[in-house]
Amino acid sequence: DQRNALFEKVFANITDGIALTDNTGKLTASNPAFERILSVGRIDGSFVDWLYGSPFGLSARTAQLNVDHRGRLVLDGENGQILEIRASRLPDEGRVWLISDVTEKRRCH
């Protein structure tokens, strides 16, 4: 119980966006920072499909982002926002996605 409570506290309060997808790419869970960073309430269906239709679509297509992605990727949005995305494979072939808004950090360098 303590471990679950600690996980829930971290998941809800970490400043990076966290999303979990199943093996088809469908979003199964996300934290409040994910919704805030992407300015989205709820995503039905595939997270990658949503990215393709978002202001990050051109950058996602150029990078050939897909539901099987693993590793680090930077996406530039049409609105000037810059995201750093990291994806790791889960044992069930799903993914955990970490999303950071690095816009200010990139502008300073």
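Details of the structure are given in the entry above.
A short tour of the structure in this document, coming up.

Cut-offs and rules
- Residues numbered from 1 in each chain as written.
- Predicted model: local features only at pLDDT ≥ 70, side-chain atom pairs only at ≥ 80, totals over all residues.
- Heavy atoms only, no water.
- Core = buried A, V, L, I, M, F, W, Y, C linked by side-chain atoms within 4.5 Å.
- Buried < 20%, exposed > 50% of the residue type's maximum accessible area, 1.4 Å probe, protein only.
- Helix = DSSP H or I, 4+ residues; strand = E, 2+ residues; numbered from the N terminus.
- Contact = heavy atoms within 4.5 Å.
- Pairing = 2+ DSSP bridges.
- Salt bridge = Lys/Arg side-chain N within 4 Å of Asp/Glu carboxyl O.

Overview of the nonpolar core
Point 1. Membership of the largest hydrophobic core comes to 20 residues, with the highest contact counts inside it found for Phe-34, Leu-38, Phe-47, Trp-97 and Ile-99.
Point 2. Elements with a contribution of two residues or more to this core: helix H2 (32–38), helix H3 (47–52), strand S3 (71–76), strand S4 (82–89) and strand S5 (95–101).
Point 3. Once residues lying within four places of it in the same chain are set aside, the contact partners of Leu-38 are Phe-47, Trp-50, Phe-56 and Leu-83.

Observations regarding the pairing of S5
Point 1. As paired strands, strand S1 (residues 17–21) and S5 are joined by five bridges and run antiparallel to one another. Note that in S5 the partner of Ile-18 across the bridge is Leu-98.
Point 2. Inspection of the sheet shows S4 paired to S5 by seven bridges, in the antiparallel sense. When the sheet's bridge partners are listed, Arg-86 is paired in S5 with Leu-98.
Point 3. The hairpin formed by S4 and S5 contains five residues between the paired strands, and Glu-93 there has a positive phi angle of roughly 75°.

Some details on the pattern of salt bridges
Point 1. Under the definition given, this model contains four salt bridges.
Point 2. Arg-42 is paired through a salt bridge with Asp-44; the nearest N and O atoms lie 2.9 Å apart. The burial state of Arg-42 is the same as that of Asp-44; both residues are exposed.
Point 3. The partner of Arg-72 in a salt bridge is Glu-84, and the shortest N-O contact between them spans 3.0 Å. With Arg-72 in strand S3 and Glu-84 in strand S4, the pair connects residues that are 12 residues apart, well separated along the chain.
Point 4. Exposure remark for Arg-72: the relative accessible area of 46% places this residue in the partly exposed category.
Point 5. Residue Glu-84 is classed as buried on the basis of its relative accessible area of 12%.
Point 6. Several salt bridges share partner residues, and in doing so they unite Arg-72, Glu-84 and Arg-86 into one network.

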